[in-house]
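Report on the structure
This is what each chain is made of:
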Amino acid sequence: KRVAVLISGSGTNLQSLISATQDSSQNIGAEIVLVISNKPGVEGLKRAEKAGIKTVVIKHSDYPNRESFDAAMNVELNAAGVEIVCLAGFMRILSEHFVKHWRGAMLNIHPSLLPAFKGANAHKDVLAARVRVSGCTVHFVEVDIDSGAIVEQEAVPVFPDDTEKILQERVKAAEHRIYPCALKYLATGRIKLKEDGTLCWN
Ligand code: GRF
């Protein structure tokens, strides 16, 4: 399957997807053909370039609204023949039209055990709640933020003296394990999103 990864930053999840898809022994069934960033100059773009993957920067500030920004992304995705979209630290909310267009073919990774701690400040919220366990979730993208069917999760411990940064690093190590695995499930047809929004395992 032809995959695009959408990023806004460091791209460590992108890196884990690049490494897994380029390792033929893992049989991910996917090839990353395009990386789109809404921010120029980010580390993730360098990772893609190093791996010989086409990159495109589409600055959201160049567009009057979400719809036109998303339409510009769709032009690139279609031109590259993309079949699966992976959001990996992509910090823009997508339009309803875009999400519905890619429904069942678009995954996101979120740094908490959903449905707990949705939103952009998961680690901060986890520490404030003083829970002892956190983790990460790969899920299908639906119009409601951080709400789609869960594909894969991994738990990590939270320690009393954790900072956001330390917790983020521990969670990211788990992210880098589960995202390639979830992509493999989708690319090889082991999972499918049903019309009712639930997951079907084959
Ligand atoms: C990850 O923690 C991911 O869960 C969240 O944004 C972060 C992206 O990190 N959505 P990176 O750019 O992949 O290093």
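Anything mentioned here points back to the structure above.
Report on the accompanying structure.

Quick look at the packing of helix 1 (residues 12-22) against helix 6 (residues 164-187) now. It is the contact of helix 1 with helix 6, at a shortest axis distance of 9 Å, that shows an interaxial angle of 45°. Taken together, the axes of helix 1 and helix 6 are oblique relative to one another. You can see that helix 1 and helix 6 cross each other, and the crossing is right-handed. Where helix 1 approaches helix 6, its residues Thr12, Asn13, Ser16, Leu17, Ala20 and Thr21 are matched on the opposing element by Lys172, Glu175, His176, Tyr179, Pro180 and Leu183. In the contact of helix 1 with helix 6, the residues fall into 5 nonpolar, 5 polar and 2 charged.

For the rest of this paragraph, the subject is helix 1. By the burial criterion, the buried members of helix 1 are Asn13, Leu14, Ser16, Leu17, Ile18, Ala20 and Thr21. The elements touched by buried residues of helix 1 are strand 1 (2-7), strand 2 (31-37), helix 2 (43-50), strand 4 (84-87), strand 5 (106-110) and helix 6.

Membership of the largest hydrophobic core comes to 41 residues, with the highest contact counts inside it found for Val5, Phe140 and Val151. A total of 10 residues in this core trace back to one element, the largest contributor, which is helix 6. The residues contacting Val5, other than those within four sequence positions of it, are Leu14, Leu17, Ile32, Leu34, Val35, Ile36, Cys86 and Ala88.

Another aspect to go through is the pattern of salt bridges. A complete count under the given rule lists 7 salt bridges for this structure. Measuring nitrogen to oxygen at the nearest pair gives 2.8 Å for the salt bridge that ties Arg103 to Glu142. Highlighted residues: Arg103 in the loop between helix 4 (96-101) and strand 5 and Glu142 in the loop between strand 6 (133-140) and strand 7 (150-157), separated in sequence by 39 residues. Each of Arg103, Glu142 and Glu195 takes part in salt bridges that share partners, so that together they form one network.

About the thresholds
- Residues numbered from 1 in each chain as written.
- Predicted model: local features only at pLDDT ≥ 70, side-chain atom pairs only at ≥ 80, totals over all residues.
- Heavy atoms only, no water.
- Axes fitted to C-alpha atoms, helices over the stretch in contact; angles between N-to-C directions.
- Helix = DSSP H or I, 4+ residues; strand = E, 2+ residues; numbered from the N terminus.
- Parallel < 35°, antiparallel > 145°, perpendicular 65-115°, else oblique.
- Left-handed = near helix turned anticlockwise from the far one by under 90°.
- Contact = heavy atoms within 4.5 Å.
- Nonpolar A, V, L, I, M, F, W, Y, C, P; charged D, E, K, R; others polar.
- Buried < 20%, exposed > 50% of the residue type's maximum accessible area, 1.4 Å probe, protein only.
- Core = buried A, V, L, I, M, F, W, Y, C linked by side-chain atoms within 4.5 Å.
- Salt bridge = Lys/Arg side-chain N within 4 Å of Asp/Glu carboxyl O.

Function cannot be inferred from these measures alone, as they are strictly geometric.
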